Amino acid sequence: MSRKFDVVVIGAGPAGYVAAIRAAQHGLSTACIDAWKNPDGSAVFGGTCLNAGCIPSKALLESSELYHRAQVEFKNHGIGVGELALDLATMQARKEGIVRDLSGGIGVLFKANDVTGLFGHGRLLPEQKVQYTPHDGEPELLEAEHVILATGSTPIELPSAPYDCERIVDSQGALSFDSVPERLGVIGAGVIGLELGSVWQRLGAKVTIVEAMDQFLFMADAQIAREAQRQFKKQGLDIRLGAKVQATEITDAGVIMKYDDEQGGHEITVDKVVVAVGRRPSTDGLLDPLAGVDVDERGHIEVDLECRTTALNVWAVGDVVRGPMLAHKGSEEGVMVADLIAGEIAEMNYDVIPSIIYTSPEIAWVGKTEEELKSAGVEYKTGTFNFAASGRAKAMDQAAGLVKFLSSAVTDEILGVHICGPMAGELIGEAVLAMEFQASTEDLQRTIHGHPTLTEAVHEAALSVDNRAIHAINR
Ligand SMILES: Cc1cc2nc3c(=O)[nH]c(=O)nc-3n(C[C@H](O)[C@H](O)[C@H](O)COP(=O)(O)OP(=O)(O)OC[C@H]3O[C@@H](n4cnc5c(N)ncnc54)[C@H](O)[C@@H]3O)c2cc1C
């Protein structure tokens, strides 16, 4: 006899496990299936984010940042540390411990919320039935009132740089190097390429990032992207734009990366190559052709604004559907879908999803860029504030970068906030909340910010929109 649930979720990344917990909180009987296996064969929940993405990368970014600061910044504070030593094995073990704690925590949350967690593969059959095949077990049929597909994404492989999992690796491989490569090539100057490049550069690698596009961080506000590029250049990160990798060759002397740019063909030799050219939705083996779920030409499961697929009572959330491939976007879609299944009113505000790049300085933004407003013909006003005038940023010895506001010239509503600077990922939260509440710039101008904090830079940038910044010379 088949087991019956109100909700079966396929995929336990941040989109799927959050959807499962929320559904269970509504009193719905819920199962969540996940196929993830670590390189050591262990099965865990948490998906890409916890096991090979957000969390391990941030653990290494934090450690490498501390190492770098001890090397170059401590002396500015009058702190001498003698000879600095790098123990990469301990750094990696710390990262793995954090990942283990957090992914193990999901199992605990499942138990506490009465979610049935299942390790293995899920396949959607017609009429909300799911074939569940446990790792090393026989297939079992699950019946559900609703199915949520949350199978995430996988790295895109480049034909010109096929993985050998030793010298040419994907992002997961780049999080697990057991020694610092002397020369590291990164293909792709997107979020993941920049973060991973930063980690290994801070630990001593000579990093070269090649990017096919001519424009650096095309999705960010151009002024912020320019500032970030300037800072990275100062740090010695070698970013080559308009450079298309044509081939790679693994030799005894290293991996030869051959790329073309405007000037013609070039070659560089590196010890390892990280391919970080994007991710594709993961639907292999997921959909029975009769299940009635349509997939678009880019491989995304087709959904409407409420994440309904083309099949009745089948929903899809997270990286496997359109929109930015971000953990918090998937989680929020998971919450919305669980609420809708429970009969509540719920919606997702796709206009207010923060983007964060955890480099140093960090880059974060929400809402429209100046270029988007210009091309849409929106009347806007801008304000900026440099961290160089922030007491807290100076005390932290991290006074590079700026905060930029874009506000409606008609209604004063905040339309976009862009930050390049210390703790930008934390600071953007205030702007996200303000925009979610459709705050005016004046609302922020009249909000008291603690002193001395980095949030004062956000406050001053809001004031600067109307030429009222106190600690900057207004135009
Ligand atoms: C190096 C790196 C750093 C990143 N950093 C950030 C960051 O700082 N912030 C951020 O917001 N995002 C970050 N991301 C992106 C983030 O990881 C993804 O957006 C997020 O994990 C997507 O969540 P998801 O639940 O949709 O999918 P996933 O996390 O990919 O989870 C999907 C799960 O479904 C399972 N699955 C797939 N098919 C099946 C099947 N048929 N049956 C059962 N299970 C299946 C998979 O094994 C996986 O466990 C990063 C990504 C990478 C690679």
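Rules used throughout
- Residues numbered from 1 in each chain as written.
- Predicted model: local features only at pLDDT ≥ 70, side-chain atom pairs only at ≥ 80, totals over all residues.
- Heavy atoms only, no water.
- Helix = DSSP H or I, 4+ residues; strand = E, 2+ residues; numbered from the N terminus.
- Rg over C-alpha atoms; globule rule 2.2 N^0.38 Å.
- Buried < 20%, exposed > 50% of the residue type's maximum accessible area, 1.4 Å probe, protein only.
- Contact = heavy atoms within 4.5 Å.
- Areas by Shrake-Rupley, 256 points an atom, 1.4 Å probe, with all protein chains shown as cover.
- Lys, Arg positive; Asp, Glu negative; His and termini not counted.
- Charge placed at Lys NZ, Arg CZ, Asp CG, Glu CD.
- Domains from an automatic or database assignment.
- Buried area = accessible area lost by both parts, 1.4 Å probe.
- Salt bridge = Lys/Arg side-chain N within 4 Å of Asp/Glu carboxyl O.
- Polar contact = N/O pair within 3.5 Å; in protein donor to acceptor, adjacent residues only side chain to side chain.
- Expected span 1.5 Å × (residues − 1).
- Phe/Tyr/Trp six-rings, centres within 6.5 Å; stacked < 30°, edge-to-face > 60°.

## So, the overall build of the chain
1) Next: The secondary structure content of the chain amounts to 13 helices and 21 strands.
2) Next: Scaling as 2.2 N^0.38, a compact globule of 475 residues should have a C-alpha radius of gyration of about 23 Å, and the chain matches this with 24 Å.
3) Next: C-alpha atoms of the chain, sized along the principal axes, occupy 75 × 65 × 45 Å.
4) Next: Relative to its 475 residues, the chain shows a buried fraction of 52%.
5) Next: By sequence separation, contacts in the chain at least 24 residues apart represent 62% of the contacts at least 6 residues apart.
6) Next: Of the roughly 21,900 Å² that the chain leaves accessible, carbon and sulfur atoms contribute 52%.
7) Next: Averaging the locations of the 40 positively and 67 negatively charged side chains of the chain gives two centres separated by 5 Å.

## Some points on the environment of R100
1) Next: Along the chain, the position of R100 falls in helix 4 (residues 88–112).
2) Next: A relative accessible area of 58% means that R100 is categorised as exposed.
3) Next: In this structure, the C-alpha to C-alpha distance between R100 and V44, residues 56 residues apart in sequence, is 8.7 Å.

## Notes on the domain arrangement of the chain
1) Next: Along its sequence, the chain is organised into domain 1 (3–155 + 280–348), domain 2 (168–277) and domain 3 (352–465).
2) Next: The centre of domain 1, based on its C-alpha atoms, is set 28 Å off from the matching centre of domain 2.
3) Next: On the domain 2 side, the residues contacting the 20 residues of domain 1 number 14 residues.
4) Next: Interface of domain 1 and domain 2: buried area, both sides summed, is about 1,400 Å²; carbon and sulfur atoms make up 64% of it.
5) Next: Summed over the shared surface of domain 1 and domain 2, the number is 2 salt bridges.
6) Next: Across the pair K58 and E195 runs a salt bridge, and its minimum N-O distance is 2.7 Å.
7) Next: Summed over the shared surface of domain 1 and domain 2, the number is 7 residue pairs in polar contact (both at pLDDT 80 or more).
8) Next: For the side of domain 1 that touches domain 2, the secondary-structure elements that each account for two or more residues are helix 3 (54–72) and helix 4.
9) Next: The element that contributes the greatest number of residues to the side of domain 1 that touches domain 2 is helix 3, accounting for 10 residues.

## Some remarks on helix 6 (residues 191–202)
1) Next: When the terminal C-alpha atoms of helix 6 are compared, their 17 Å separation across 12 residues agrees well with the 16 Å that a helix rising 1.5 Å per residue should span.
2) Next: Regarding helix 6, the residues found buried are G193, L194, E195, L196, G197, S198, V199, W200, Q201 and R202.
3) Next: Just past helix 6, the residue G204 takes up positive phi, approximately 120°.

## What to know about the packing of aromatic side chains
1) Next: Scanning all chains against the criterion turns up 4 aromatic pairs.
2) Next: With a centroid separation of 4.3 Å and 20° between ring planes, the pair formed by F45 and F119 is classed as stacked. Residue F45 is found in the loop between strand 2 (30–34) and helix 2 (47–52), and its partner F119 is found in strand 3 (residues 115–125); the two are separated by 74 residues along the sequence.
3) Next: Classification of F45 by relative accessible area gives buried; the value is 6%.
4) Next: Pairwise contacts between aromatic rings join F45, F110 and F119 into one cluster.

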